[in-house]
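Observations on the model geometry
Listed below, chain by chain, are the residues.
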Amino acid sequence: MVEASTFRDVLAQWPSGVTVVTTVVDGVRHGMTASSFSSVSLDPPLVSICLDRRLYSHGLVESSGVFGISVLAKDQAEVARRFAGMAGDVADRFDGETWSTAATGVPLLDSALGWLDCRVLHAYPGGDHTIFVGEVLAGHAARRTAPLLFHSRGWGQFADVLPDVATLADSGLVNSLASRGEIADSVRRTAHHVGRSGIRVRVADLTAGAPLETLPWGGAAVEAAADADHRSALVESAVQARQAVDRGISVLEFKADGHDPRSVERAAVLARELAGDEGTTGRVVILEDAFALAGNEPALAAIDVLAHSGATEICLDDTSGAATPLQVRALLQDAVGLARPVPLRLRLRDKDRLGLVNVLTALKSGVHHFDTTLGGLDGAVATEDLLRLLETLDVTTPADAVALDRVARRLREHPPGPPAPSPNGTSASTAHPTPMPSL
Ligand SMILES: Cc1cc2nc3c(=O)[nH]c(=O)nc-3n(C[C@H](O)[C@H](O)[C@H](O)COP(=O)(O)O)c2cc1C
């Protein structure tokens with residue numbers, strides 16, 4: 001027979017989730033931490049738990065014939081300790097908790113990731129334990145976060161996994177250069193090189209209503225990027241979208257105001273409409289100020305609407321630079337799963353030099369697509385900086401880092417002038433003294 005200590009040591013190497021098993025007898029509720037929970041059958045829905053026959057809880061489940069399973073979340077190690085009797089003298093393990101009841105009347109923790117309400121169907125002897133098989137009468141998946149894990153006698157959670165591949169798009173370069181008085185040819189050339197290096201470039205912003213051909217740099221810039229999938233246009237109506245598609249731009253971007261559910265609905269309607277147009281390969285809805293909304297709920301509600309709209313990407317825009325690593329983490333924790341299968345894209349600012357830290361947090365939270373601006377011209381994370389970060393993290397991208405770096409270096413050596421004056425006339429000069437040389 002295996003030695004008891006060896007047996008325990010091997011078992012300790014087996015990682016598991018953590019639940020609280022609850023029951024109620026004559027109106028008196030009780031709960032204990034259990035990791036022996038397992039699914040048994042889908043049809044009928046059956047689960048099992050193994051309880052030590054010497055435990056107080058064992059007698060209660062045996063006599064009540066009912067039990068609840070509350071699956072704990074990664075931030076609930078304290079709850080697990082309390083219900084395992086590891087928190088010292090606790091008069092009532094339910095202190096500080098709220099709970100609901102369903103079919104059987106057992107308490108089901110509101111703070112849990114989810115719960116199952118069960119009636120004991122079988123009780124099989126299992127050495128010093130009893131294997132209770134329960135028929136699941138009701139269930140609820142409540143929180144969309146990661147589970148608490150137990151391994152090697154310690155609490156843990158899933159490690160963050162970096163993606164194998166990430167993609168970049170540049171949505172600020174052309175507008176930034178044009179607004180700084182850069183001559184059309186120079187804008188075209190720079191956009192061309194960025195596009196050729198494998199990065200999608202936003203070549204036109206049609207939202208001001210001017211036809212594409214009349215933009216001083218627009219017409220030329222359309223041909224800039226290497227292929228149709230590597231150029232995009234910002235539009236706000238089906239008419240503008242048609243104009244872009246007719247000029248060979250198949251990826252269309254349009255904005256939704258995260259503060260305004262009607263604006264989100266309008267973007268969803270446009271995405272749905274364009275989904276029927278064979279000329280478009282991409283419909284990117286940009287959710288503005290995604291990180292500056294009060295709490296995460298408005299952004300999550302918007303993502304839920306957009307994920308069912310025909311959008312091919314949802315871009316969370318840190319429009320005012322409000323994002324912090326904790327906020328990025330908190331929002332993406334729920335947003336990535338909610339948007340699925342529609343991928344999320346992030347456009348992050350580099351405010352207070354938090355840009356790349358936020359990118360790293362986003363990568364670890366399951367986002368693989370980023371919007372940047374070459375040279376960080378408009379305050380966004382710089383395309384070349386992000387490429388370098390991805391390289392150091394061993395995350396591959398379809399982009400050619402060497403080619404892109406060459407364009408970025410030219411831009412640094414020949415910086416464009418300051419932005420054109422805003423309508424209230426605050427900026428100094430618009431003329432660019434020396435246009436960027438050819439590469
Ligand atoms: C992570 C973890 C998992 C546990 N899993 C089980 C289990 O599956 N079955 C069991 O009988 N005890 C398990 N226990 C031990 C019980 O939670 C513990 O003995 C508890 O105090 C029993 O409560 P009671 O004495 O009020 O019945 C586990 C303890 C921990 C810390």
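Residues numbered from 1 in each chain as written. Predicted model: local features only at pLDDT ≥ 70, side-chain atom pairs only at ≥ 80, totals over all residues. Heavy atoms only, no water.

Comments concerning the overall build of the protein
A count of helical and extended segments in the protein gives 13 helices and 20 strands. Taken over the C-alpha trace, the protein has a radius of gyration of 28 Å; the compact-globule value for 439 residues is 22 Å, which it surpasses by more than 25%. For the protein, buried positions account for 46% of its 439 residues. Counting contacts in the protein only where the partners sit at least 6 residues apart, residues at least 24 apart contribute 69% of the total. For the protein, the computed accessible surface area is about 20400 Å², with 54% contributed by carbon and sulfur atoms. Between the averaged position of the 39 positive side-chain charges in the protein and that of its 54 negative side-chain charges there is a distance of 4 Å. (Helix = DSSP H or I, 4+ residues; strand = E, 2+ residues; numbered from the N terminus. Rg over C-alpha atoms; globule rule 2.2 N^0.38 Å. Buried < 20%, exposed > 50% of the residue type's maximum accessible area, 1.4 Å probe, protein only. Contact = heavy atoms within 4.5 Å. Areas by Shrake-Rupley, 256 points an atom, 1.4 Å probe, with all protein chains shown as cover. Lys, Arg positive; Asp, Glu negative; His and termini not counted. Charge placed at Lys NZ, Arg CZ, Asp CG, Glu CD.)

A closer look at a nonpolar patch on the surface
Together, Met1, Val2, Phe7 and Leu11 line one region of the surface with nonpolar side chains, adding up to about 520 Å² of accessible area. Tracing the chain through its elements places phenylalanine 7 in helix H1 (residues 4-12). When its relative accessible area of 44% is taken as the criterion, phenylalanine 7 is described as partly exposed. (Patch = residues over 30% accessible without salt bridge, like charges linked within 9 Å, V, L, I, M, F, W, Y side chains within 5 Å. Salt bridge = Lys/Arg side-chain N within 4 Å of Asp/Glu carboxyl O.)

Points about the pattern of salt bridges
Within the structure shown, the criterion is met by 20 salt bridges. One salt bridge in this structure joins aspartate 405 and arginine 388, with 3.7 Å as the shortest N-O distance. Remark: arginine 388 occurs in helix H12 (residues 383-392) and aspartate 405 occurs in helix H13 (residues 401-413); sequence separation between them is 17 residues. Judged by its relative accessible area of 26%, aspartate 405 is partly exposed. Taking the relative accessible area as the measure of exposure, arginine 388 reaches 41% and is therefore partly exposed.

Notes on the packing of aromatic side chains
The geometry of an aromatic ring pair comes down to the distance between the two centres and the angle between the two planes. Applying the stated criterion to the full structure yields three aromatic pairs. Ring plane angle 90° and centroid distance 5.1 Å describe the contact between phenylalanine 83 and phenylalanine 94, whose orientation is recorded as edge-to-face. Residue phenylalanine 83 is located in helix H3 (residues 77-83), and its partner phenylalanine 94 is located in the loop between H3 and strand S7 (99-100); the two are separated by eleven residues in the primary sequence. Judged by its relative accessible area of 1%, phenylalanine 83 falls in the buried class. Both rings, one in phenylalanine 150 and one in tryptophan 155, keep their centres 4.8 Å apart while their planes meet at 55°; by these two values the pair is tilted. Pairwise contacts between aromatic rings join Phe83, Phe94 and Trp99 into one cluster. Over the aromatic face of phenylalanine 94 sits the side chain of arginine 29, whose NZ or CZ is 5.0 Å from the ring centroid. (Phe/Tyr/Trp six-rings, centres within 6.5 Å; stacked < 30°, edge-to-face > 60°. Lys NZ or Arg CZ within 6 Å of the ring centre and 35° of its normal.)

A few points about the state of the cysteines
Per the stated rule, a full pass over the model turns up zero disulfides. The thiol of cysteine 118 is not disulfide-bonded; the next cysteine sulfur, from cysteine 50, is found 14 Å away. (Disulfide = S-S within 2.5 Å.)

Some points on the packing of helix H10 (residues 325-339) against helix H11 (residues 355-364)
In contact at an axis separation of 9 Å, H10 and H11 are set at 25° when each is read in the N-to-C sense. One finds that H10 runs roughly parallel with respect to H11. Every pair of crossing elements has a handedness; the one defined by H10 and H11 is right-handed. Taken together, the residues of H11 that come into contact with H10 (itself represented by Pro325, Val328, Arg329 and Leu332) are Val357, Asn358, Thr361, Ala362 and Lys364. A per-class count over the contact of H10 with H11 returns five nonpolar, two polar and two charged. (Axes fitted to C-alpha atoms, helices over the stretch in contact; angles between N-to-C directions. Parallel < 35°, antiparallel > 145°, perpendicular 65-115°, else oblique. Left-handed = near helix turned anticlockwise from the far one by under 90°. Nonpolar A, V, L, I, M, F, W, Y, C, P; charged D, E, K, R; others polar.)

A few points about the sheet that holds strand S15 (residues 231-234)
One closed barrel holds the eight strands; their spatial order is S13-S14-S15-S16-S17-S18-S19-S20, and the pairing between them is parallel. Here the average twist between neighbouring strands, direction ignored, is 30°. Across four bridges, strand S17 (residues 282-288) lies against strand S18 (residues 313-317) in parallel orientation. Bridge pairing links isoleucine 286 to cysteine 315 in S18. Of the strands in this sheet, S18 and strand S19 (344-347) are in contact with H10, which crosses S19 at around 150°. (Pairing = 2+ DSSP bridges.)

Observations concerning the packing of H11 against H12
Two numbers describe how H11 lies on H12: the axes approach to 11 Å, and their chain directions differ by 50°. Taken together, H11 and H12 sit at an angle that is classed as oblique. Note that H11 runs across H12; the crossing there is right-handed. Across from Leu356, Val359 and Leu363 in H11, the residues of H12 making contact are Asp385, Leu386, Leu389 and Leu390. For the contact of H11 with H12, the class distribution of residues is six nonpolar, no polar and one charged.

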